[in-house]
Number of protein chains: 4
Amino acid sequence: MEDLKLAVINKENKRTVIDINGIQIGKDFAVIAGPCSVETEEQTIKTALAVKTAGADMLRGGAFKPRTSPYAFQGLGEAGLKILGKARKETGMPIVTEVVDARDVSMVIEYADVIQIGSRNMQNFPLLKEAGRTKKPILLKRGMHSTLSEWLNCAEYILAEGNPNVILCERGIRTFETYTRNTLDLSIIPAAKEITHLPIFADPSHGTGKLSLIEPMTYASVFAGADGIMLEVHIEPEKAMSDADQQLNPNDFAKIMSKIKKLRQSYDSIVGRPAAGVE
Amino acid sequence: MEDLKLAVINKENKRTVIDINGIQIGKDFAVIAGPCSVETEEQTIKTALAVKTAGADMLRGGAFKPRTSPYAFQGLGEAGLKILGKARKETGMPIVTEVVDARDVSMVIEYADVIQIGSRNMQNFPLLKEAGRTKKPILLKRGMHSTLSEWLNCAEYILAEGNPNVILCERGIRTFETYTRNTLDLSIIPAAKEITHLPIFADPSHGTGKLSLIEPMTYASVFAGADGIMLEVHIEPEKAMSDADQQLNPNDFAKIMSKIKKLRQSYDSIVGRPAAGVE
Amino acid sequence: MEDLKLAVINKENKRTVIDINGIQIGKDFAVIAGPCSVETEEQTIKTALAVKTAGADMLRGGAFKPRTSPYAFQGLGEAGLKILGKARKETGMPIVTEVVDARDVSMVIEYADVIQIGSRNMQNFPLLKEAGRTKKPILLKRGMHSTLSEWLNCAEYILAEGNPNVILCERGIRTFETYTRNTLDLSIIPAAKEITHLPIFADPSHGTGKLSLIEPMTYASVFAGADGIMLEVHIEPEKAMSDADQQLNPNDFAKIMSKIKKLRQSYDSIVGRPAAGVE
Amino acid sequence: MEDLKLAVINKENKRTVIDINGIQIGKDFAVIAGPCSVETEEQTIKTALAVKTAGADMLRGGAFKPRTSPYAFQGLGEAGLKILGKARKETGMPIVTEVVDARDVSMVIEYADVIQIGSRNMQNFPLLKEAGRTKKPILLKRGMHSTLSEWLNCAEYILAEGNPNVILCERGIRTFETYTRNTLDLSIIPAAKEITHLPIFADPSHGTGKLSLIEPMTYASVFAGADGIMLEVHIEPEKAMSDADQQLNPNDFAKIMSKIKKLRQSYDSIVGRPAAGVE
């Protein structure tokens, strides 16, 4: 399918491993958890401590929120980044946060360990190029209607600027189904692993948009061969300023985490990595 | 979402269990395997024996094939049904086979233990009604662009005629992705379990259309909470008259079967049924 | 794109013209109008007289209605066909009516001048074959998610049985837009004309599902090069038993008809047939 | 459908008219034409003179090209803008050109009369805000998978910053059809006119991606009620550095222009504005 000259293509049967504070993304299975939006210092740090205790590896939280309506909460901006900085200091957890404007990249990298580029910006080429000029790991979400080929070409934009540290993240595509908010396309995980050496995560929170479906789709993601999972957790989901319907409370998250660990052991002992059979 | 008066809705927190020759569909995890098309007696019986040895519970095989082109192989018709009858006699396996014409239902039920209604016929209402007038279990595949609500209404057509024995089967929906033939929507499995008491299977063969993706998506299906799996297996896939790209050989199928059994034990001990939390 | 051996392909730069009671489908521009469902004799004949007076060429009306829910009105069946027969007698208009069951074809052809095969049955291959064994003109609607290639292959099923009289009808495809019920794909009209010699109609009633959009999309259909238009008209739309939101009243239909006639003159004098440049 | 408080909503039954060098967008019917990419001064000025002679109102041409692959031609950047500036000087035509980076807005407005925001950037909110802080007319293309509601919310981002001069442009949505590159959704034109006071254009070049379909879809766009048309024209299409398959040559464009003028007269005399019946 792909032009074999692209840097994203797995030509030598090796997988990219990205070290983030000792977590080996692409080798270890990793869990990113935290609130949709950074709302207050208390909300962020309490959530951070809760997800850390439950076993999460990295903290997510949005300071810049791309919203359909201009009148919806747009995030705290730099104030939100500073709160994330405090959460990192207090918990030692690496920070994953989204950037939506190429002009903010230099500011965001002061606070973030991983820069997220969201679904709506997958083909925001100036932003991809700016992200490529940093050395920070980039979590690149799939566009809502994008093919694997288009997605990998966007990753190529980052690699072409000199940054090899890209983590793909499937977050659901738009389909005709209305029961779910999006359709989490798990088959893209083994498909991606057939073509590219880049690690790939799944985001069952956005992928389903429905609290009750997050748990089964998390477990299914593990067995589709995902390198990690991204989950939205809020200390008080019912008070969340965005995505209130899809954020787990810390208690439910802890139960899921304990099962993820056991399931990964099953996966390693029964299936063995990689499922996609490239290597 | 659904009209609570529909018979397909799970109102009393009980799940439908369908007994097929001692296999408890909806309670036990079941595997349906066999060729896309019945081509010859030898091909069918050899494949049947191979999948039985590997641990499959039921034999699939198409005698009536809905094909995009009128000039493509349309199946052997009644001669194919007779071959399936012999395969049942020789192996003791229950037979799952598709019917595409309401006029053939009475003939097909003489040979089949489960009648399959395919994706293109999900909204073939006369066929649904005819299937509803039998007592045979009906495997009802989801339409390529259908919502859960539309699908359940089609199951309702069968129940409304007096046949409660419907098994849903997710077989992939059409999306913009071209790397896969369809997109297997695993989130519909826990979604369906939230609403209906009917069992639901996954078909990773049609759902991906790509041999290399069948294995990981089979394992993911188990952990999405599927009640069973349907897989295409051919004694010599490279000689198949239809779907040559997505039929497993018996050897690969046997390897997958042995892992499915272990994974189901993991699922039962770690996740516990049901994942969707309805009961 | 297409296999040049298919009978539907325009290889000799000639277009199929189908004579229906003196109307030259594929040559003259034709308007099919009438109620979604045949409900009563009075409703059908009053509507028939109204659309005839306004200038419609053929009467449509459904006796067999494919409905999402088994509990929705399913049409009057043969009693509906008899009412259509009376309407034909009284008005002299040819009748277009849908058949959904291969077993009903022989009955329907006693009352119908054109047999409609609806969107959900585009790939109901036994029904296509049965329709192909009659000599009646067949109005074949495009499936909601079907490509032009798949559609033409379905027409080929009819031609392969010996019936060359197929009229294609674009009736809207499913997209993510929710403001309209479907998305009327007018580009498929000149696209079809590049490949096939078969005439092609547009159905702005189902294509938009919204009363206010029917008028502009009817005019746009004329200039996309359609050979005709199919419109839902009901003597009292607010009392309709199906599709109440998209049926025109006779008064609005008459206004649209008078503009269609003038617009066709503009089309012929300014654009000239065919727009797609095949001939 | 829409929140009535949004500024884009037509609450007082008046339509936005935007004056661009004497062309009354939203009142007069306007044609924007020119090459996909600005390649050389000669190519741009020759094309500009040709489209002006044929009757185009504005010149389009891309200096910044969003491309799927990072290795595809990305446009000439500021050098391209300077060529457009010369073309404006030489022909007197207003310039429509795309901006893809919020940091380039201040530079682009020195050369452009209308700033285009492309399909991939419809939800690039920082870019929308930056465009909203200028007073330049903004041509906002619809996203490939976007609903009317999402699109209007993006226009609202521009209006909310104080710039009321937004022109919507339908450029085709992604569907399952492969014969066309996109599906030009003409029903969105009367749909938009029911809700918003903003003018709306159609782009049959991108909307179909196929040279032979541009002409009929242009005429259909006029009768769907579009306020104008955007067409790609290249002095030598076969040598174009991008979109070689969908650029008209000046000769064919001139023929289409002469028909557009006559068709608009038919539209005004037979249909009368607006088709959508809001006013």
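Our subject is the structure that appears above.
**Student:** Let's hear about the interface of chain B and chain A: which residues, and what values?
**Tutor:** The partner chain A presents 37 residues to the 37 residues of chain B that form the contact. Here chain B and chain A share an interface that buries about 3,300 Å² over both sides, 69% of which is from carbon and sulfur atoms. Looking only at chain B, the three residues that lose the most surface to chain A are Glu177, Tyr179 and Ile270 of chain B, adding up to 19% of its buried area. Glutamate 177 of chain B serves as the salt-bridge partner of arginine 142 of chain A, at 3.0 Å between the closest nitrogen and oxygen. Where chain B packs against chain A, one counts nine residue pairs in polar contact (both at pLDDT 80 or more). It is helix H8 (residues 211–224) of chain B that contributes the most residues to the side of chain B that touches chain A, eight residues altogether. Tallied by class, residues from the side of chain B that touches chain A come to 21 nonpolar, nine polar and seven charged.

**Student:** Explain helix H2 (residues 78–91) of chain D residue by residue, including any values.
**Tutor:** In an α-helix, one turn spans 3.6 residues, which is why side chains three or four residues apart end up on the same side. Residues and elements named next belong to chain D. Relative to the 20 Å expected for 14 residues at 1.5 Å per residue, H2 spans 20 Å between its end C-alpha atoms, a close match to the ideal helical length. Those residues of H2 lying buried are Gly80, Leu81, Ile83, Leu84, Gly85, Ala87 and Thr91. Once H2 finishes, glycine 92 follows within two positions and takes phi at roughly 75°, a positive value.

**Student:** Pulling in residues and values, what's your account of the environment of methionine 93 of chain C?
**Tutor:** Residues and elements named next belong to chain C. Along the chain, methionine 93 falls in the loop between helix H2 (78–91) and strand S5 (95–98). For the pair methionine 93 and leucine 148, spaced 55 residues apart in sequence, the C-alpha to C-alpha distance is 31 Å. Contact partners of methionine 93, with chain neighbours within four places excluded, come to Ala48, Val51, Lys52, Ala56, Asp57, Met58, Leu59, Arg88 and Asp113.

**Student:** Residues and numbers for the relation of the copies chain C and chain B, please.
**Tutor:** One copy of the chain maps onto the second through a rotation around an axis plus a translation along that axis. Structural alignment of chain C on chain B gives an RMSD of 0.0 Å, achieved by rotating through 180° and translating 0.0 Å along the axis. Such values leave the two copies arranged in the relation of a two-fold axis. No C-alpha of chain C approaches the rotation axis more nearly than that of histidine 145 of chain C, which lies at 3.3 Å.

**Student:** Give a detailed account of the interface of chain C and chain B, specifying residues and quantitative values.
**Tutor:** Facing the 31 residues of chain C at the interface are 31 residues of chain B. For the pair chain C and chain B, the summed buried surface comes to about 2,700 Å²; carbon and sulfur atoms form 53% of the total. On the chain C side of the interface with chain B, the three residues burying the most area are Arg103, His145 and Arg174 of chain C, jointly 21% of the side's total. The interface formed by chain C and chain B holds four salt bridges in total. For the side of chain C that touches chain B, the secondary-structure elements that each account for two or more residues are helix H4 (125–132) and helix H5 (148–160) of chain C. Per-element accounting of the side of chain C that touches chain B gives the leading share, five residues, to H5 of chain C. Taken together, the residues of the side of chain C that touches chain B break down into 12 nonpolar, 10 polar and nine charged.

**Student:** Pulling in residues and values, what's your account of the packing of helix H1 (residues 41–54) of chain D against helix H9 (residues 250–271) of chain D?
**Tutor:** All names here are of chain D. Viewed as axis vectors pointing N to C, H1 and H9 meet at an angle of 25°, and their least axial separation amounts to 9 Å. With respect to H9, the axis of H1 lies roughly parallel. For the element pair H1 and H9, the recorded crossing hand is right-handed. In contact with Ala50, Val51 and Ala54 of H1, H9 contributes Pro250, Phe253, Ala254, Met257 and Lys261. Of the residues in the contact of H1 with H9, the class split is seven nonpolar, no polar and one charged.

**Student:** Go over the relation of the copies chain B and chain A, please, and point to the residues and values.
**Tutor:** Turning chain B through 180° and shifting it by 0.0 Å along the axis lays it on chain A, with an RMSD of 0.0 Å. Looking at the interface residues of chain B, 100% of them are also at the interface in chain A, so both copies use one shared face.

Conventions used here
Sequence order sets the numbering: in each chain, residues are counted from 1 along the sequence as written. Note on labels: chains are lettered from A, ligands numbered from 1, in written order. Only residues with pLDDT of 70 or above have their local features reported here, since the model is predicted, and side-chain atom pairs are shown and tallied only from 80 upward, although totals for entire chains, interfaces and linings are computed over all residues. Hydrogens and water are ignored here; the side-chain numbers use all heavy atoms of the structure. Only heavy atoms matter for contacts: two residues are in contact if any of them lie within 4.5 Å across the pair. Once two parts are joined, some of their accessible surface, as seen by a 1.4 Å probe, is lost; buried area is that loss totalled over both. By convention in these notes, a salt bridge is any Lys or Arg side-chain nitrogen within 4 Å of a carboxyl oxygen on Asp or Glu. Pairing of N or O atoms within 3.5 Å defines a polar contact, subject to two protein rules: one partner must be a possible hydrogen donor and the other a possible acceptor, and residues neighboring in sequence count only if both atoms are side-chain atoms. Only DSSP runs of H or I reaching four residues or more are called helices, and only runs of E reaching two or more are called strands; each is numbered from the N terminus. All residues other than Ala, Val, Leu, Ile, Met, Phe, Trp, Tyr, Cys, Pro, Asp, Glu, Lys and Arg, Gly among them, are scored as polar; the first ten of these are nonpolar and the last four charged. Here the expected span of a helix is defined as 1.5 Å times the quantity of residues minus one. Three exposure classes are used, based on accessible area relative to the maximum for each residue type with a 1.4 Å probe and protein chains only: buried under 20%, partly exposed in between, and exposed over 50%. Least-squares superposition aligns the copies on the C-alpha atoms of those residues with pLDDT at or above 70 in both. Axes here mean lines fitted to C-alpha atoms, for a helix over just the part in contact, with angles spanning 0 to 180 degrees between N-to-C directions. An angle below 35 degrees is read as roughly parallel, one above 145 as roughly antiparallel, one from 65 to 115 as roughly perpendicular, and any other as oblique. By definition, any crossing whose near helix is turned counterclockwise from its far helix by less than a right angle is left-handed, and any crossing with a clockwise turn is right-handed.

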